Amino acid sequence: MKTSMFLAGALATTVQAIDNGYGLTPPMGWRSWNCYHANVNQTLMENTMDKVAERTRMVNGKLTSMADLGYVAVGLDDNWQACGTGVNGSFHDAAGHPLINTKTFPSMKGMTDYGHAKGLRVGWYMNNCICAEKHFTDPTYIQKHMEESVKAIVAAGFDGVKLDGCGQFRNLTWWGQLLNETGRSVMIENCHWGGTVPGQTTGDAPCTGTTMPSNCPYNFFRSSTDINPSWNSIFSNLQTTIKFQGNPPLSRPGTWAYPDMLEVGNMATYNEDRTHFGAWCIVSSPLILGHDLTNEALTDKIWPIISNTEAIAVNQAWAGHPGRLVKQWGGSGGNDMQMWAKALPEGKQAVLILSNN
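Residues numbered from 1 in each chain as written. Predicted model: local features only at pLDDT ≥ 70, side-chain atom pairs only at ≥ 80, totals over all residues. Heavy atoms only, no water.

1. Thoughts on the overall build of the chain
Across its full length, the chain carries ten helices and 13 strands. In terms of overall dimensions, the chain is globule-like: its C-alpha atoms have a radius of gyration of 20 Å, near the 21 Å expected for 357 residues. Its C-alpha atoms put the chain at 55 × 45 × 40 Å along the principal axes. Counting only residues that meet the buried cut, the chain has 55% of its 357 residues in that class. Approximately 13700 Å² of the chain is accessible, and the part contributed by carbon and sulfur atoms is 53%. In the chain, the 25 positive side-chain charges and the 29 negative ones have mean positions that sit 5 Å from each other. (Helix = DSSP H or I, 4+ residues; strand = E, 2+ residues; numbered from the N terminus. Rg over C-alpha atoms; globule rule 2.2 N^0.38 Å. Buried < 20%, exposed > 50% of the residue type's maximum accessible area, 1.4 Å probe, protein only. Areas by Shrake-Rupley, 256 points an atom, 1.4 Å probe, with all protein chains shown as cover. Lys, Arg positive; Asp, Glu negative; His and termini not counted. Charge placed at Lys NZ, Arg CZ, Asp CG, Glu CD.)

If you want it as C-alpha cells, here you go:
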C-alpha cells in the first residue's frame, strides 16, 4: 500500500514563443483518453461538461463545481477522425481539411459551443495516433494539411489542442506560428513523450525554456511515456520531472513539465489516488483528470482529494521554482522513501513525504 501525505517543409529553427496567454499557472481540467480511450463521442463529451460545471458537492461549506475549483479545460482526445476516408487512406482530404467521423461527432462547433455556454474551455487533439498519418512527401500538400488543420481548430471554436507524436506533423514551432497567426488563443499541449522538451537547440521545437514566461512554443510538455493506473506507472512518471527541476528550472510559467494525465479514481486504492494527486501538485504538474465524471459514486469517493483547495493552491503557486525531489532513501533502489518540496510565496514551503514501499 502506498501512502503519502518528417515533417518536410520545416521552419527555420528560431525560437518563437506562443502568444496565447495560457499556461502561466499549471493547466487544470479533464481529458477523455484515460476514461473512454477510443470509445468516445460527442454525447459523452457533453455529458462530461455537464458534470464539470454543475454545483452539487460542497467545498468549505459552499456548493462548488469542478470548474469553480479550476478544472475548466475539457479535452477531446483521439478517435474523432474518419480513418481511411481521406487521400492515401488518411483522414485529411485533398485540400488538407481534417475529416471528422460525423456519426460519433455530428458537430464539433456544436460541442464547443455547448462547453462555452457552461463557462468551459474545450480542447481538441491532432497528429493522431489512431490511423497515424506518416506517408506524405509533397511539401505543398504538407503545408496545406498544416494550415487547414489549424483553420479547423479555430473554425470549430476550440481553445486548446493536444499535439501527439504519432504522425509526421510533429513540428511544434510551425504549429505555434500558425496558431499565433490566427489571432485566437489556443493552449498547446506537447505530447512527444519526453522527446521534445525545453533547452533543445534542434528538433521539433527548439527553445531555451529559461525566459519568463517560457519561450517554448507549447504550454505544457509530456516528460514521460503514457501513464496507466498502476503504482509503478505513477511513480516512474513522477521521476521524469526531476530533470526539469534544476536551476534555472525548465518547468515554469508558460511551459510546465507534465508526467501525463491523472489516474485519480482509477487507481487500486484510495491511498494511491491521494498520493498520485499530491505528487502532481508538489511538482506543479498540470492537473488533468481522467476518471468517469458521470459515475457519481466514484466522484464522491475522490472528491476530498480533487477538491482539496490547499493542495490545488500549492500546485498553482509560483515562487521561483516548480518543486523538486529533495531527498530519497531506503530499500534496494534507495528510493523507498522520497521527500519532495516546493517553495511558496511569503517564504513558505510545501513538503510531500512519499512511501514507495
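2. What about the side chain of Q245?
Assignment of secondary structure puts Q245 in the loop between α7 (231–239) and β9 (256–258). Since its relative accessible area comes to 6%, Q245 is described here as buried. Within the structure, Q245 has its side chain in polar contact with the side chain of T241 (distance 2.9 Å). (Polar contact = N/O pair within 3.5 Å; in protein donor to acceptor, adjacent residues only side chain to side chain.)

3. Re the pattern of salt bridges
Applying the stated criterion to the full structure yields 16 salt bridges. Note that E296 is salt-bridged to R57, the shortest N-O span being 2.5 Å. Separated by 239 residues along the polypeptide, E296 in helix α9 (residues 296–306) and R57 in strand β2 (residues 57–59) bring together distant segments of the chain. Of the charged contacts, one joins D260 and R222 as a salt bridge, the two residues approaching to 3.3 Å between their closest N and O atoms. Remark: R222 occurs in strand β8 (residues 220–222) and D260 occurs in the loop between β9 and α8 (270–282); sequence separation between them is 38 residues. Shared partners join several salt bridges into a network, and the residues in it are K51, E54, R57, E296 and D300. (Salt bridge = Lys/Arg side-chain N within 4 Å of Asp/Glu carboxyl O.)

4. A short note on helix α5 (residues 139–155)
Because the α-helix completes a turn every 3.6 residues, residues three or four places apart line up on one side. Between its first and last C-alpha, α5 extends 24 Å over 17 residues, near the 24 Å set by a 1.5 Å rise per residue. Residues of α5 that are buried include every one of Y141, I142, H145, M146, E148, S149, V150, A152 and I153, and no others. N-cap assignment for α5: the residue whose side-chain oxygen lies 3.1 Å from the backbone N of T140 is D138. Directly beyond the C-terminal end of α5, a positive phi value near 85° is found at G157. (Expected span 1.5 Å × (residues − 1).)

5. Notes on the sheet that holds strand β12 (residues 337–343)
In sheet architecture, strand pairing relies on hydrogen bonds along the backbone and comes in two forms, parallel and antiparallel. Overall, antiparallel pairing links the three strands, which are arranged β11-β12-β13 in an open sheet. Since the sheet does not close on itself, it has two edges, and those belong to β11 (324–329) and β13 (349–355), each with one partner. For this sheet the average axis-to-axis angle between neighbouring strands, irrespective of direction, equals 20°. Sheet topology places β11 next to β12; five bridges connect them, and they run antiparallel. Of the residues in β12, the one forming a bridge with Q328 is Q338. Packing against the sheet, α7 makes contact with β12 and β13, and its axis sits at approximately 45° to β12. (Pairing = 2+ DSSP bridges. Axes fitted to C-alpha atoms, helices over the stretch in contact; angles between N-to-C directions. Contact = heavy atoms within 4.5 Å.)

6. A word on a nonpolar patch on the surface
On the surface, W329, V351 and I353 cluster together into a nonpolar patch covering about 250 Å² of accessible area. Among the secondary structure elements, I353 is positioned in strand β13. By relative accessible area, I353 is classed as partly exposed at 32%. (Patch = residues over 30% accessible without salt bridge, like charges linked within 9 Å, V, L, I, M, F, W, Y side chains within 5 Å.)

7. Thoughts on the confidence of the model for the chain
Considering every residue of the chain, the mean pLDDT works out to 95; 96% of them sit at 70 or more. The low-confidence segment residues 1–13 (pLDDT under 50) makes 37 contacts with residues lying over four places distant or belonging to another chain. (pLDDT = per-residue confidence, 0-100.)

8. A word on the sheet that holds strand β1 (residues 28–31)
Sheet architecture is open: eight strands sit in the order β9-β8-β7-β6-β5-β4-β1-β10, paired in parallel fashion. Edge strands, defined here as strands with exactly one partner in the open sheet, are β9 and β10 (287–289). Geometrically, the sheet is characterised by an average inter-axis angle of 25° between neighbouring strands, direction not taken into account. In this sheet, β10 lies alongside β1 in parallel orientation, the contact comprising three bridges. Its bridge partner lying in β10, W30 is registered against L289.

9. Describing helix α4 (residues 108–117)
Listing the buried residues of α4 in full gives M108, M111, T112 and G115. Projected down its long axis, α4 carries its buried residues within an arc of 95°, all on one side. Buried residues along α4 sit in contact with α2 (42–53) and β5 (121–126). Looking one or two residues beyond α4, the residue adopting positive phi is G119, at roughly 80°. (Arc of directions from axis to C-beta.)

10. Concerning the nonpolar core
Within the largest apolar cluster, 86 residues are counted, with the highest numbers of intra-cluster contacts made by Y71, F277 and I306. The leading source of residues in this core is α5, at six residues. Setting aside chain neighbours within four positions, we find I306 in contact with M66, L69, Y71, V264, F277, L289, H291 and I312. Counting eight residues, the second-largest nonpolar core is a separate cluster that includes M187, F220, W256 and M261. (Core = buried A, V, L, I, M, F, W, Y, C linked by side-chain atoms within 4.5 Å.)

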